[in-house]
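Observations on the model geometry
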Amino acid sequence: MSRFKKLAHTIWHCQYHIVWVPKYRYRILTGPIREWVHEALQSICSYTGCEVTQLNVQQDHVHLIVMVPPKLSISDFMGRLKGQTSIKLFKSFKELRKKPYWGNHFWAKGYCVDTIGLDAEMIEKYVKYQEQKERYIEQLELGL
């Protein structure tokens, strides 16, 4: 089985490690809220065509390793994740609305994202030696 996914005109492997926190980094992601966030994130990712590789909801932050198709930008994806979970959290856990520090925002602004892929050194070697390899193949073809 290939690690690559297919779209109509694309073969892709776009995997990201994303980390974000609740507003003021409060340690609120515990118990039923933690379970709810975990399930909601899985559901939203599935709906958007993304595949969750790893999901870890800590008390004060979330780690998500996810495969995101190239037709979906990370900023749009995170806007959807954070927006939908925030709205639904306040509907499901009405006691959160009573806290004066939340306002209408559950998550802090921003997030950290990093790509996960081939080893950088391996890519550099591939790019560096690709031309040599192509020349060698051309010479073999001309010699035949």
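Data block above holds the structure.
Residues numbered from 1 in each chain as written. Predicted model: local features only at pLDDT ≥ 70, side-chain atom pairs only at ≥ 80, totals over all residues. Heavy atoms only, no water.

The next point concerns the overall build of the protein. The number of helices and strands found in the protein is three helices and six strands. Counting helices and strands in the order they occur from the N terminus, the protein gives β-β-β-α-β-β-α-β-α. Looking at the 144 residues of the protein, the share that counts as buried comes to 31%. Considering only intrachain contacts with a sequence separation of at least 6, the fraction spanning at least 24 residues in the protein is 66%. Working note: accessible area of the protein is about 10000 Å², and carbon and sulfur atoms make up 54% of it. (Helix = DSSP H or I, 4+ residues; strand = E, 2+ residues; numbered from the N terminus. Buried < 20%, exposed > 50% of the residue type's maximum accessible area, 1.4 Å probe, protein only. Contact = heavy atoms within 4.5 Å. Areas by Shrake-Rupley, 256 points an atom, 1.4 Å probe, with all protein chains shown as cover.)

With that out of the way, let us pick up the environment of Lys88. Structurally, the position occupied by Lys88 is in helix 2 (residues 74-92). Relative accessible area serves as the criterion here: at 41%, Lys88 is assigned to the partly exposed category. In this structure, the C-alpha to C-alpha distance between Lys88 and Ala40, residues 48 residues apart in sequence, is 8.9 Å.

Glancing now at unusual backbone geometry. The phi dihedral of Tyr24 falls on the positive side, at around 60 degrees, and the residue is not glycine. For Tyr24, the position within the fold is in the loop between strand 3 (15-20) and helix 1 (31-47). On the basis of relative accessible area, Tyr24 is assigned to the exposed category, the value being 52%. Within the chain, Arg25 stands out as a residue other than glycine whose phi angle is a positive 50 degrees. Assignment of secondary structure puts Arg25 in the loop between strand 3 and helix 1. The partly exposed category is assigned to Arg25, whose relative accessible area is 45%.

This part covers the nonpolar core. Formed by 31 residues in total, the largest nonpolar core has its most connected members in Trp20, Leu29, Leu64, Phe77 and Leu81. Those elements that provide at least two residues to this core are strand 3, helix 1, strand 4 (51-57), strand 5 (62-67) and helix 2. Ranked by residue count, the leading element in this core is helix 2, at six residues. Leu64 has contacts with Tyr16, His17, Ile18, Trp20, Cys45, Val52, Gln54, Leu55, Phe77 and Leu81, leaving out every residue within four places of it along the chain. (Core = buried A, V, L, I, M, F, W, Y, C linked by side-chain atoms within 4.5 Å.)

The subject of this paragraph is the packing of helix 1 against helix 2. Direction vectors running N to C along helix 1 and helix 2 enclose 140 degrees, while the axes themselves pass 10 Å from each other. Taken together, the axes of helix 1 and helix 2 are oblique relative to one another. Like other packed secondary-structure pairs, helix 1 and helix 2 cross with a definite hand, here right-handed. Note on element contacts: helix 2 touches helix 1 through Phe77, Arg80, Leu81, Gln84, Thr85, Lys88, Leu89 and Ser92, opposite Ile33, Trp36, Val37, Ala40, Leu41, Ile44, Cys45 and Tyr47. Here the residues of the contact of helix 1 with helix 2 are counted per class, giving 11 nonpolar, three polar and two charged. (Axes fitted to C-alpha atoms, helices over the stretch in contact; angles between N-to-C directions. Parallel < 35°, antiparallel > 145°, perpendicular 65-115°, else oblique. Left-handed = near helix turned anticlockwise from the far one by under 90°. Nonpolar A, V, L, I, M, F, W, Y, C, P; charged D, E, K, R; others polar.)

Here the focus is the pairing of strand 4. Remember that side chains alternate between the two faces of the sheet whenever the strand is regular. The pairing of strand 4 with strand 5 spans six bridges and is classified as antiparallel. Paired with Leu55 across the two strands is Leu64, which belongs to strand 5. Hairpin connection between strand 4 and strand 5: a loop of four residues separates the two successive antiparallel strands. (Pairing = 2+ DSSP bridges.)

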